[in-house]
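Commentary on secondary and tertiary structure
Single-letter residue listing:
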Amino acid sequence: MARRRIIAGNWKMNMTPSQAVELCATLKDLVNNDAEDVVYCVPAIDIVPVAEAIKGTNVKLGAENFYIEDKGAFTGEISAPMLKEAGVEYIIIGHSERRDIFGENDILINAKVKKAFAAGLKPILCCGESLALRKAGTYKEWIARQIKWDLTDVTADQVKELVIAYEPIWAIGTGETATADQAQEVCKMIREVIADMYDAATAEAVRIQYGGSMNAGNAAELLSKEDIDGGLIGGAALKPDFGQIVNA
Ligand code: 13P
């Protein structure tokens, strides 16, 4: 089974354009690894300068958000064709910060997944439970439901190109990482949900990342797990540590 590892940075609302270019220069030699996909998902205003800064390297470009219409009266939004033309390949969809702070629901997230595929962008679809759901023990049902909603009317061929990021909300930016066994348990369960919804070949192909306080110290153990095919990294993606994660 040969799923290609994908290590993606989610820069969130960090890095001015000049800082973004500087970070690309700092990381350039540290993330040079052709054996896996390395992606920078950057704020909209950094997309153009980062596209320029990563030219000729192995790094791929991603965005953090978009809206489902191609153009029109949607003040403040950015469209898939805009991202495509700027060289964006990957798009984060359904991050818990978009769900919780900006009120995005699974209906919109599903529309975004379908639009991204139609526009030739590869979604990184995020899912994950709150601390309350983890404590209540109902986190698996919750995550399975998120996946089913968010992939409504998405085809098996599309899911083979999909990246799913399991991000327990209680582990994001808190310094509290899920243990490798906790992360593996859910990533395996997600693959089983995909097998149920589609078939074994699709489940084998879909790439599943872990995200939540992943860092240079814990990456190797998390990435050694059978169903963890990569990471979606916040804080540690803004530092030279990201190179250690890429090479973990
Ligand atoms: P941290 O790595 O900062 O916990 O963020 C994880 C995350 O939300 C990535 O999308």
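One structure accompanies this document, and this report is about it.

Conventions adopted
- Residues numbered from 1 in each chain as written.
- Predicted model: local features only at pLDDT ≥ 70, side-chain atom pairs only at ≥ 80, totals over all residues.
- Heavy atoms only, no water.
- Helix = DSSP H or I, 4+ residues; strand = E, 2+ residues; numbered from the N terminus.
- Rg over C-alpha atoms; globule rule 2.2 N^0.38 Å.
- Buried < 20%, exposed > 50% of the residue type's maximum accessible area, 1.4 Å probe, protein only.
- Contact = heavy atoms within 4.5 Å.
- Areas by Shrake-Rupley, 256 points an atom, 1.4 Å probe, with all protein chains shown as cover.
- Expected span 1.5 Å × (residues − 1).
- Polar contact = N/O pair within 3.5 Å; in protein donor to acceptor, adjacent residues only side chain to side chain.
- Axes fitted to C-alpha atoms, helices over the stretch in contact; angles between N-to-C directions.
- Parallel < 35°, antiparallel > 145°, perpendicular 65-115°, else oblique.
- Nonpolar A, V, L, I, M, F, W, Y, C, P; charged D, E, K, R; others polar.

What follows is about the overall build of the chain. The helix and strand tally for the chain stands at 12 helices and 8 strands. Against the globule reference of 18 Å for 248 residues, the chain gives a C-alpha radius of gyration of 17 Å, in line with a compact fold. Overall, the chain is about 45 × 45 × 35 Å in size when its C-alpha atoms are taken along their principal axes. Within the chain, the proportion of its 248 residues that are buried is 50%. Partitioning the intrachain contacts of the chain with sequence separation of at least 6 by distance along the chain shows that 72% fall at a separation of at least 24. About 11,000 Å² of surface is accessible on the chain, with carbon and sulfur atoms providing 52% of the total.

By secondary structure assignment, the location of Ala171 is in the loop between β6 (163-166) and α9 (180-197). Sequence separation between Ala171 and Leu131 is 40 residues, and the spatial gap between their C-alpha atoms is 8.7 Å. Beyond its immediate chain neighbours, meaning those up to four positions away, Ala171 contacts Glu176, Thr177, Ala178, Tyr210, Gly212 and Ser213.

Look at helix α5 (residues 106-119): 20 Å from first C-alpha to last across 14 residues, which is about the 20 Å you get at 1.5 Å a residue. Buried residues of α5: Asp106, Ile109, Asn110, Lys112, Val113, Lys115, Ala116 and Phe117, and no others. Against the buried residues of α5 lie α3 (80-85), β4 (90-93), α4 (96-101), β5 (122-127), α7 (139-150) and α8 (156-159). Put simply, Asn105 is the residue that caps the front of α5, since its side-chain oxygen is 3.1 Å from the backbone nitrogen of Ile107. Just past α5, the residue Gly120 takes up positive phi, approximately 85 degrees.

Turning our attention to the packing of α5 against α7. Axis separation between α5 and α7 bottoms out at 8 Å; the angle between their running directions is 50 degrees. In this view, α5 runs oblique relative to α7, as classed from their interaxial angle. Contact with α5, carried on its side by Asp106, Ile107, Ile109, Asn110 and Val113, involves Gln146, Trp149 and Asp150 of α7 and no other residues of that element. Partitioning the contact of α5 with α7 into residue classes produces 4 nonpolar, 2 polar and 2 charged.

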